[in-house]
Amino acid sequence: MKNLIISSVLFYIGIQYAGAEEKLPEIPTINIVERPNVIIILSDDQGYGDFSCHGNPVLKTPALDKLHDESIRFDNFHVSPLSTPTRGQLMTGLDAFHNKAATVLTGRNIIRRDVPTMSEIFSQNGYATGLFGKWHLGNSYPDRPMDRGFQKCIWHKGWGLLSEIEYDNDYYETRYLDSLETKQSGEYCTNLWFNKAREWMDAMATKKQPFFAYIALNAPHGPFHAPAQDFNFYKNKVDDTSTASFFGMIRNIDRNMEQLENWMEERGLKDNTVVVYMTDNGGTGGVDVYNAGMRDKKGSNYDGGHKAACFIRWPGGNLISPRSLSCATQVQDLLPTFIDLFELEVSTQYRFDGENLVPVLKGEKNLNDRMFVVQYGGHVKPEKYFSCVVWDSWRLVGENELYNLSDDPAQENNIAKDFPYVLNIMKTFYENWWANIEPEINRLVPVIIGSEKENPVFLNSDNWEFGAVNSQWNIANTTGPPEGGVCHIEVLHEGKYRIELSRWPFHLQRSMVLPGPSTTVGGTILPTGKGVPVEYGCFSVNGKEPVTVKKNTPDAIKISYETYLQSGEMTFQGWFKDKNGNNLCGAYYVKIERLL
C-alpha cells in the first residue's frame, strides 16, 4: 500500500480542526480499469433482527439472505445508535466526535472540512463516484455531497422526506435533487434511488469506468409508508398496520436488491464488484416482533442500539470463503480497509479510528483483544458516560454496567462487581479516549455564509444548538423554544446582507400566520398544526440586542431586513413575536443573502 500509514492504535491522536476554506492537496486522477467496482447499500433504521437470515420469524428477505450467504458477515459489527454519526464515521473512518458529525440535531451533523472523505479518496483515485439517496452530512456549501467527492448526486436533504427541510415531499412521488437541480419523480423513494443508481452504474460499466456507488436509503425509517403490494404482503401477518408497513418497506428494499443482483449478473459485473450491505443503527419498527435477542433499540448504548448487519461480498477478490466472523468490528473500519484492499492513494499520511480489516478478509490473522468506544451526542458534561465500550464480547455501558455477551447476550446481568479488573481496564480505556476528544468537544462546524459558491444560504431549525426541531409535524405545531435556537455560522466576506425570516419553507410561499398546508402521504393526512399571530420578526447576532422588524402585510410570507455583517464565526438566532411582544416560536427557516 502506497503513501499510507494505517494506524492500529486503539484511540485517535487527532488532526486538529481546520478552518472552513482549508482544502486537501489534490491527487492526479488515475484511470485503472482493472480496479473493482464498489457498491455500498446503507439502509435507514433497519435493525439487525430485520432479516430472515438473522432469524426473524415473520419478515422474509430472500435477496438479502442470498447476499448474506455469499458474503463475509461481521456478526459483532457496530455503528452509532443514530444515523448521522454512522454516516460520518463511514465517510471518514473517524469516530463521530472526531469527525464532528456527532448527532442528528443541535448543529452537530456536519463533518470536519479538513479530513478526506471516502468519496474524495475514491474520486482522486480514478473512480466515478455517485450518491443516491440520503446524505445527512450538510445541506449547503461546502458540505453537500458534490462538495465532498461525489460526482453524481441524486439526493435529498435532511434526515428524510418528512424532515423540516423537505417539507411537503412524498415517499410515493419523490421530489429530489439532481446535483443542485430540483426534480420531481413519480417513483416511490427506494425505487428511485436504486433505479437512478443502476442507470448511472450501467453508463459507467459501458465506458469500462470503475465506480463507487453509495446507495443510501431513507427507508425503512419512519413514518412507515410502504408500497401497497409490500404492505399487503404483511398486513395479515402482524398485529398492527405500522409494523406491516415497516416490514413492507424492507420487502421493497429486498425486491430492489434482487433487481440489482440480476443487473450485475446480466452485465457480467458480479465477480469484480464489491457489494457491502449495512444497517445504520439499532432496530425500530420491528423490534417488538423480533430483535435477535438483544436489549433495547435505536438510540441506546446497549447492543440493540448499535449492533448492525454488515455483509461484504467480492467473488473475484481472493478473500476467504463466505462465513460469519465474530471479531469486534465497526463502521470506521471500512475506509482504511478499502484503501488497503484497492491500493488507493491518499493525500497525506493519516490515522484512522477504524482498523484495516484486509488481513481478516484474506484469512491472514484474527482480530482479538480489540477495544473501541461507541458514543454519539452533543455536549461534554451531561453525556460523559453516555457510551458503550466494546472489548470483544465484553461491554461497558455507561460508567458501571459490565456485561459479557458470551454468557449474557441480552445484557440482563450487570457483573461489574464480579470483574473489577475488567471494569477498571475498560473505564481507563474510555477515560483516555475521552481525554483525547474533550479539548475540541464544543467546537461546532459552522454553516458557511456569503460564499460565491452558494448565495443565498438557508438555515433551518435543525441547525439550532439547543432545542432543535427537525420534523414537519413539529414545525406545524410550533414546538421548540419560543425564542428559537442558536445557529453557528461563519461569514466569509464582510458586507451587506439580507436576512429573511419565515415560519414555513420559502418554496411554499405561505403566510406565516396560517397553519400548515394539508398534505396526504400514502393515504395518511399529515397534521397541519396551528396558526400563529406573527406580527414581528426578531434576530440577534452573537447574542447582541435583537433587531425587531414588523411584517409589511397581514399575510406576509416572510420578514426581511438588510444589515451589515462582519466576517468570521458568529451565532445567529431568529424568532417571532405577536403584537404584544410575546415570543411565539423560532424562525424555523432563515435565508441569508450576501448583497455587496
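Up top is the structure these notes are about.
Structure report, in brief. (Residues numbered from 1 in each chain as written. Predicted model: local features only at pLDDT ≥ 70, side-chain atom pairs only at ≥ 80, totals over all residues. Heavy atoms only, no water.)

### Some details on the overall build of the chain
How we decide: Starting at the N terminus, helices and strands are each numbered in turn, a helix being any DSSP run of H or I of at least four residues and a strand any DSSP run of E of at least two. We compute the radius of gyration from the C-alpha atoms alone; for a globule the expected value is 2.2 Å times N to the 0.38, where N is the number of residues. Here the term buried applies to any residue with accessible area under 20% of the maximum for its type, exposed to any over 50%, and partly exposed to those in between, with areas from a 1.4 Å probe on protein chains only. We call two residues in contact when some of their heavy atoms are within 4.5 Å. Per-residue accessibility takes into account occlusion by the displayed protein chains alone, with areas from the Shrake-Rupley method and a 1.4 Å probe. A residue counts as positive if it is Lys or Arg and as negative if it is Asp or Glu; His and the chain ends are not included. Note that the charge is assigned to NZ on lysines, CZ on arginines, CG on aspartates and CD on glutamates.
Of the regular secondary structure elements, the chain holds 12 helices and 29 strands. What you see for the chain is a C-alpha radius of gyration of 24 Å, in line with the 25 Å of a compact globule of 596 residues. If you line up the chain on its principal axes, its C-alpha atoms span 70 × 55 × 50 Å. Taken across its 596 residues, the chain has 62% of its residues classed as buried. Looking at the chain alone, contacts between residues at least 24 apart form 72% of all its contacts between residues at least 6 apart. Surface accessibility of the chain: about 21,900 Å² in total, with carbon and sulfur atoms responsible for 47%. Taking the average place of the 58 positive charges on the side chains of the chain and the average place of its 73 negative ones, the gap between the two points comes to 3 Å.

### Some details on helix H2 (residues 83-92)
Most of H2 sits inside the fold, with 10 of its 10 residues counted as buried. Taken residue by residue, H2 has Ser83, Thr84, Pro85, Thr86, Arg87, Gly88, Gln89, Leu90, Met91 and Thr92 as its buried positions. Positive backbone phi, approximately 70°, marks glycine 93, located one or two places after H2.

### Examining the state of the cysteines
Basically, it comes down to this: When two cysteine sulfur atoms lie within 2.5 Å, the pair is treated as a disulfide.
Applying the stated criterion to the full structure yields 0 disulfides. The cysteine cysteine 585 is free of any disulfide, with cysteine 538 supplying the nearest cysteine sulfur at 11 Å. The class for cysteine 585 is buried, based on a relative accessible area of 1%.

### With respect to the sheet that holds strand E17 (residues 401-404)
Quick reminder of the rule: Paired strands, in this sense, are two strands between which DSSP finds at least two bridges. All axes here are fitted lines through C-alpha atoms, helices being fitted over the stretch that makes contact, and every angle between N-to-C directions spans 0 to 180 degrees.
With respect to topology, 4 strands assemble into an open sheet ordered E14-E15-E16-E17, the strand pairing being antiparallel. Either end of the sheet is taken by a strand with one partner, and the two such strands are strand E14 (371-374) and E17. The mean angle between the axes of side-by-side strands here comes to 20°, regardless of whether they run parallel or antiparallel. In this sheet, E17 lies alongside strand E16 (residues 394-397) in antiparallel orientation, the contact comprising 4 bridges. Counted as the bridge partner of tryptophan 394 is asparagine 404 from E17.

### What to know about unusual backbone geometry
Of note, the amide linkage connecting tyrosine 141 to proline 142 takes the cis form, showing an omega dihedral of 5°. Position of proline 142 among the secondary structure elements: in the loop between strand E4 (128-134) and strand E5 (152-156). Its identity as a non-glycine residue notwithstanding, asparagine 318 has a phi of 55°, on the positive side. Looking at the element boundaries, asparagine 318 is found in the loop between strand E11 (310-313) and strand E12 (323-325).

### What about the sheet that holds strand E26 (residues 559-565)?
With antiparallel pairing, 4 strands are arranged side by side in an open sheet as E19-E29-E21-E26. Each edge of the open sheet carries a strand with a single partner, namely strand E19 (457-460) and E26. Across the sheet, the mean angle from the axis of one strand to that of its neighbour is 25°, orientation sign disregarded. In the sheet, E19 pairs with strand E29 (residues 589-594) via 4 bridges, with the strands oriented antiparallel. Residue leucine 459 lies in a different strand from E29, and its bridge partner there is valine 590.

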